[in-house]
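Okay, here's what each chain looks like letter by letter:
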Amino acid sequence: MFSKRIRNVQPSGTVMLSNKVKRLMDQGLDILSFTLGEPDFSTPPHIIEAAKEALDRGMTHYTSSLGMTELREAIARTEKQKNSMDCDTENVIVLPTKMAIYMAIQTFINPGDQVIYQNPGWVSYGPMITLAKGTPVPVKMRYDSGWIWDPQDIRDHITEKTRAIILNTPSNPTGSLISRDTQKEIVEIATEHDLTIIADEVYENLVYEEEHSSIGSLPDAFERTVTVSGFSKSYAMTGWRIGWMVASKETIKMVNKLQQHSLTCLPPFVQMGALAALENGSSCIDDMKEEFRKRRDMLIPLLNEIDGVSCEMPKGAFYAFFKMDTGFKSMDMAEMLLYKAHVALTPGSAFGSAGDGFMRMSYAASRENLREGAKRIAEFIAVLRK
Ligand code: GLU
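Here goes a summary of the coordinates provided.

1. Regarding the overall build of the protein chain
When helices and strands are counted, the protein chain shows 13 helices and 13 strands. In summary, the protein chain has a C-alpha radius of gyration of 21 Å against a globular reference of 21 Å for 386 residues, a match within 12%. C-alpha extents for the protein chain along the principal axes are approximately 60 × 55 × 50 Å. Here the protein chain, with 386 residues, has 56% of them falling under the buried criterion. Sequence-distant contacts, at least 24 apart, represent 74% of the contacts inside the protein chain between residues at least 6 apart. Summing over all exposed atoms, the protein chain offers an accessible surface of approximately 16,900 Å²; the carbon and sulfur share of this is 50%.

The structure is reproduced here in structure tokens:
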């Protein structure tokens, strides 16, 4: 009855789990949830005001499928100034970030094409590749060297069928960054084998000590790179479902066909909110980032104090990805923590084979909840070890 394509993919490890946790919380269970990567802050008021005003002005109809020109201009300006990307308005299409990744894969992948991405890596890359009838090729990052993605490991997985490399910096779930030198090597590999690079930069504004760098700004990289980013994580706008893609004009034309046959366009009042976000400077992002940094600095030592737990200090995004030496698989551990300790974490195995034995804890949650969450985990592990 159902297509092979849809039968071949599993539900999203992150979204499915958070639905389940919401159901349990609705039943009255006192669960602390650190599953979804979703800022607990409200969307800044100037953004909400701009959307409300747009609604009051009757902006409730279609816009261009590419997005409103003012917003595309603002995105191009931001990518140029902040990320040194050589782009202008025609290089931009407005769409939800997740959809941008989905559409980039649909645009470049033929059946049987292989796509390389990080392992552990975001839960949806593999299924999106499968939905395009491509073959997912997760390439392990090295935990012992701080979740480095070694270009030699990428080279070792290149075949005749490799068509694209997805790279996510800062990375979900590890919080590691892909260095400029590694990015240069990835461009070299892509040029040598004529590959498309899909750069998922949705956490670009959440880099704590170092600077974010966009692979698409490297010499000769822009034309073969599709850069994806958005408002969800930086501006606490997860429910607005808006982001963007920056790519060559030809790529944007192709993606626009998919947009026209699927979403048509994003709601104009949502686009107006997004425009206000970009036009009002970065102070609101900086404030939220500062708070995430403080939470990170508080949480990671608390986790490392727990017997059998070790956690690298993440350089970006808002996830603690920690190793748990308990002898249990991370999926079983997540179930036990949920039902016995009432703490909801995402099992590392949802992010690929290299994530088994790890748990992901989002620190986009209040300090009080993080402290209590770490305490519940510690108490549970103590009982388990008795
Ligand atoms: N990207 C977020 C996460 O990893 C939201 C859920 C999803 O898109 O997978 O938690």
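2. Quick look at the side chain of Ser229
Along the chain, Ser229 falls in strand 7 (residues 225–230). Non-local contacts of Ser229, meaning those with residues more than four positions away in its chain, are made with Glu79, Thr97, Glu201, Val202, Glu204, Gly243 and Trp244.

3. Notes on helix 2 (residues 13–26)
Given 3.6 residues to a turn, an α-helix orients residues that are three or four positions apart in the same direction. Between its first and last C-alpha atoms helix 2 spans 20 Å; for 14 residues at 1.5 Å apiece the expected length is 20 Å, and the two agree. All buried positions along helix 2 are accounted for by Gly13, Thr14, Leu17, Ser18, Val21 and Leu24. For helix 2, the angular spread of the buried residues around the axis is 120°, confining them to a single face. Those residues of helix 2 that are exposed and angled more than 90 degrees off the buried face are Arg23 and Asp26. Packed against the buried residues of helix 2 are strand 1 (32–33), helix 12 (330–341), strand 11 (343–344), strand 12 (346–347) and strand 13 (358–362). Once helix 2 finishes, Gly28 follows within two positions and takes phi at roughly 100°, a positive value.

4. Description of the sheet that holds strand 10 (residues 319–324)
Spatially, 9-10-13-12 is the arrangement adopted by the 4 strands of the open sheet, whose pairing is antiparallel. Sheet topology places strand 9 (309–311) and strand 12 at the edges, where each strand pairs with a single neighbour.

5. Points about the nonpolar core
Formed by 82 residues in total, the largest nonpolar core has its most connected members in Leu71, Trp149, Phe231, Ile242 and Met245. Excluding residues that lie within four positions of it along the chain, Phe231 makes contacts with Leu71, Ala236, Met237, Ile242, Gly243, Trp244, Ala274, Ala277 and Leu278. One finds Ile300, Cys311, Leu345 and Leu370 within the second-largest nonpolar core, a separate group that totals 39 residues.

6. Observations regarding the site of the ligand
Surrounding the ligand, one finds Thr14, Leu36, Gly37, Lys98, Trp122, Val123, Asn172, Tyr203, Lys233, Tyr319 and Arg360. Take Lys98: an N or O atom from its side chain is 2.9 Å from an oxygen atom of the ligand. Protein chains bury 88% of the 280 Å² of accessible surface belonging to the ligand in isolation.

7. Section: the packing of helix 11 (residues 283–304) against helix 13 (residues 367–385)
Running from amino to carboxyl end, helix 11 crosses helix 13 at an angle of 15°, the nearest separation of the two axes being 10 Å. What the angle tells us is that helix 11 and helix 13 run roughly parallel. For the element pair helix 11 and helix 13, the recorded crossing hand is right-handed. Facing helix 11, whose interface residues are Glu291, Lys294, Arg295, Met298, Leu299, Leu302 and Leu303, helix 13 presents Arg367, Leu370, Arg371, Ala374 and Ile377. Residues belonging to the contact of helix 11 with helix 13 are distributed by class as follows: 7 nonpolar, no polar and 5 charged.

The rules behind these values
- Residues numbered from 1 in each chain as written.
- Predicted model: local features only at pLDDT ≥ 70, side-chain atom pairs only at ≥ 80, totals over all residues.
- Heavy atoms only, no water.
- Helix = DSSP H or I, 4+ residues; strand = E, 2+ residues; numbered from the N terminus.
- Rg over C-alpha atoms; globule rule 2.2 N^0.38 Å.
- Buried < 20%, exposed > 50% of the residue type's maximum accessible area, 1.4 Å probe, protein only.
- Contact = heavy atoms within 4.5 Å.
- Areas by Shrake-Rupley, 256 points an atom, 1.4 Å probe, with all protein chains shown as cover.
- Expected span 1.5 Å × (residues − 1).
- Arc of directions from axis to C-beta.
- Pairing = 2+ DSSP bridges.
- Core = buried A, V, L, I, M, F, W, Y, C linked by side-chain atoms within 4.5 Å.
- Near = heavy atom within 4 Å.
- Polar contact = N/O pair within 3.5 Å; in protein donor to acceptor, adjacent residues only side chain to side chain.
- Axes fitted to C-alpha atoms, helices over the stretch in contact; angles between N-to-C directions.
- Parallel < 35°, antiparallel > 145°, perpendicular 65-115°, else oblique.
- Left-handed = near helix turned anticlockwise from the far one by under 90°.
- Nonpolar A, V, L, I, M, F, W, Y, C, P; charged D, E, K, R; others polar.

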